[in-house]
Amino acid sequence: MLNLNENNNLNIYKEALKLATPIMIYMGITNAVGLVDNLMVGSLGTESISAVSIAVQLIFVYNLAVFGAVSGPGIYAAQYYGQENKEGFWNVFRLKLWLSFLVFLIGTLVFKFYGQNLINLYLQGSNSGIDPQLTLKLSDEYLQMMLWGLLPFALTQVFSCSLRETGDSIKPMGAGFVSVVTDILFNYLLIFGKFGFPCMGVRGAALATVISRLLETITVILWAFWAKNKNEYITKAFKTLKIYSSNIKEILIKSIPLFLNEFLWAAGIVAVSQCYSLKGLDVVAGMNIAMTLHNLVIVIVVAMGTAIGIIIGQQLGALKFEEAKKNSMLLTKFSFFICLVVTLFIILISKYIPEFYNTTKEIKELAKNFIIINAAYLPVQAVLNSLYFTLRSGGKTFITFLFDSVFTCFCVAPVAFLLCKFTELSIIAILILVSCLDFIKIIIGFILIKKGVWIYNLVENR
């Protein structure tokens, strides 16, 4: 149980919440936009729901690739900040810019020339009255429009992650709020053609997201430069775009496994979803409804993990090893109990969410069951994410690579494929069985944390 009577424990919980709460609000607002998007698109029919769901999963891989590109160097940024090493931080910031731009170029080329091929992978199951050709057309329209938002997203991540590594989560949250208001407004105007705007359907939803992302990027950059002295860890990095760092090779060696981890993990998750689609487009539509709500609450897991990574990283950079070891376990338990409360709430409201969608009774029932399973799995994700960010904070990126993406790609995805392709099990039973595989990771993760293999200062004397 959590021990709330010790002042030191309370202080670390408060510190985590101070960092995590703005991230939760920011991501919650951003994902709330996804919920609103989904509800608006959901009123257009089942094909539109499925089309957007497929395109969003492909964009998800790109988003995680960008996150991996900035997160690897970010391990060093957090420790450089704890060490008060400005030159080191500036070089890491420039590296983030170059890496995220490279991901943007590759992502644009892949989606531009191979988008339809990727979408077709999700249209192999039974149709149940859903038009696969219309779904393909709508999904491709959405994806091609979203290409215009790839670069703004990458820049936003570079600035937002760097601000958080300096302990400032407020500016990214404010920029996210601006993005949300913009997205909801333009979704209404462009999806349905209100107040003289063209009626664009799913393309309108994509264009609204692009506009909101562009405005978010502009906002977070302007705010970062507004207080130049306060944000000198970022603003003064632009004295040059060249990277002057004696340990750039070391940073890249540590960062590549993390980038590959985020990319391959996302690809693995998308592959698992594609396996589920073999059970029919009804499953795709039902999962889209369930995942929209899940994405709204998963921000708690992600925000707590991010806060844990920053806190533990700063303590490692300051050579407070015993404190870091103790706090990693305290914060893991704290994250678990927060998510347990959220789980109970989601289960209580699970039957009401699907009723907002214009789709069949069967899809609504599937969505309700998916929501309950996702909610029950949330505390497990909280523990996994906390273990992952703790291991990552000490630069053990190869271990996290094995722990996360390798496990997903070579264990979870094959099991999902075999169960979907060669058994008559229901999709509900398959989803539960596949989710239970992550208990293997929890056991391994706790062993690694207890052994302290992650406790390491990356930036001492640099």
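Here the structure is shown first, and the text comes after it.
Side note on the overall build of the protein chain
When its secondary structure is counted, the protein chain shows 15 helices and zero strands. Radius of gyration (C-alpha) of the protein chain: 22 Å, near the 23 Å computed for a compact globule of 462 residues. Sequence separation of at least 24 residues holds for 84% of the intrachain contacts in the protein chain that already meet a minimum separation of 6.

Notes on unusual backbone geometry
A positive phi angle, close to 55°, is found at phenylalanine 195, a residue other than glycine. With respect to the helices and strands, phenylalanine 195 occurs in the loop between α6 (170-192) and α7 (202-226). The exposure class of phenylalanine 195 is exposed, given its relative accessible area of 72%.

Here's the deal with the packing of aromatic side chains
Aromatic rings considered in pairs are described by the distance between their centres and by the relative angle of their planes. Scanning all chains against the criterion turns up 10 aromatic pairs. Taking the centre distance of 6.3 Å and the plane angle of 50° together, the rings of tyrosine 62 and phenylalanine 153 count as tilted. A residue pair is termed long-range when its members are at least 10 positions apart, and tyrosine 62 in helix α2 (residues 46-83) and phenylalanine 153 in helix α5 (residues 150-165) qualify at 91 residues. Considered together, tyrosine 62 and phenylalanine 153 belong to a single accessibility category, that of buried residues. Their ring planes at 90° and their centres at 6.3 Å tell us that phenylalanine 186 and phenylalanine 197 sit as a pair that is edge-to-face.

Describing α6
Given a rise of 1.5 Å per residue, 23 residues ought to cover 33 Å, and the 33 Å separating the end C-alpha atoms of α6 matches this to within 8%. Just downstream of α6, glycine 193 is the residue with a positive phi angle, here 70°.

Notes on the nonpolar core
Tyr276 and Phe370 are the most contacted members of the largest nonpolar core, which has 68 residues in total. Of all elements in the fold, only α1 (7-42), α9 (248-277), α10 (281-317), α11 (321-349), α12 (361-393), α13 (397-422), α14 (427-436) and α15 (438-451) reach the threshold of two or more residues within this core. Here this core gets 17 residues from one element, more than from any other, and that element is α10. Ala55, Leu58, Ala69 and Leu150 belong to the second largest nonpolar core, which has 42 residues in total.

Concerning a nonpolar patch on the surface
Taken together, the side chains of Leu102, Ile106, Leu109, Val110, Phe113 and Tyr114 present a nonpolar region at the surface, about 630 Å² in accessible area. Mapped onto the secondary structure, phenylalanine 113 falls in helix α3 (residues 86-120). Relative accessible area serves as the criterion here: at 60%, phenylalanine 113 is assigned to the exposed category.

So, the packing of α2 against α3
Close contact between α2 and α3 brings their axes to 9 Å; oriented N to C, the two are set at 170°. Between α2 and α3, the angle is such that the two are roughly antiparallel. Among the residues forming the contact of α2 with α3, the class breakdown is 22 nonpolar, five polar and one charged.

A closer look at the environment of serine 328
Within the secondary structure, serine 328 sits in helix α11. On the basis of relative accessibility, which here comes to 0%, the residue serine 328 falls in the buried class. Sequence-distant contacts of serine 328, defined by excluding residues within four places in its chain, comprise Ile312, Thr390, Ile449 and Trp454. At 2.8 Å, the side chain of serine 328 and the backbone oxygen of lysine 325 are in polar contact.

Some details on the side chain of threonine 217
Mapped onto the elements of the fold, threonine 217 is located in helix α7. We classify threonine 217 as buried; its relative accessible area is 5%. Among the polar contacts listed, one links the side chain of threonine 217 to the side chain of threonine 156, at a separation of 2.7 Å. Contact partners of threonine 217, with chain neighbours within four places excluded, come to Pro152, Phe153, Leu155 and Thr156.

Rules used throughout
- Residues numbered from 1 in each chain as written.
- Predicted model: local features only at pLDDT ≥ 70, side-chain atom pairs only at ≥ 80, totals over all residues.
- Heavy atoms only, no water.
- Helix = DSSP H or I, 4+ residues; strand = E, 2+ residues; numbered from the N terminus.
- Rg over C-alpha atoms; globule rule 2.2 N^0.38 Å.
- Contact = heavy atoms within 4.5 Å.
- Buried < 20%, exposed > 50% of the residue type's maximum accessible area, 1.4 Å probe, protein only.
- Phe/Tyr/Trp six-rings, centres within 6.5 Å; stacked < 30°, edge-to-face > 60°.
- Expected span 1.5 Å × (residues − 1).
- Core = buried A, V, L, I, M, F, W, Y, C linked by side-chain atoms within 4.5 Å.
- Patch = residues over 30% accessible without salt bridge, like charges linked within 9 Å, V, L, I, M, F, W, Y side chains within 5 Å.
- Areas by Shrake-Rupley, 256 points an atom, 1.4 Å probe, with all protein chains shown as cover.
- Salt bridge = Lys/Arg side-chain N within 4 Å of Asp/Glu carboxyl O.
- Axes fitted to C-alpha atoms, helices over the stretch in contact; angles between N-to-C directions.
- Parallel < 35°, antiparallel > 145°, perpendicular 65-115°, else oblique.
- Nonpolar A, V, L, I, M, F, W, Y, C, P; charged D, E, K, R; others polar.
- Polar contact = N/O pair within 3.5 Å; in protein donor to acceptor, adjacent residues only side chain to side chain.

Interpretation note: all reported values are geometric properties and have no functional meaning in isolation.
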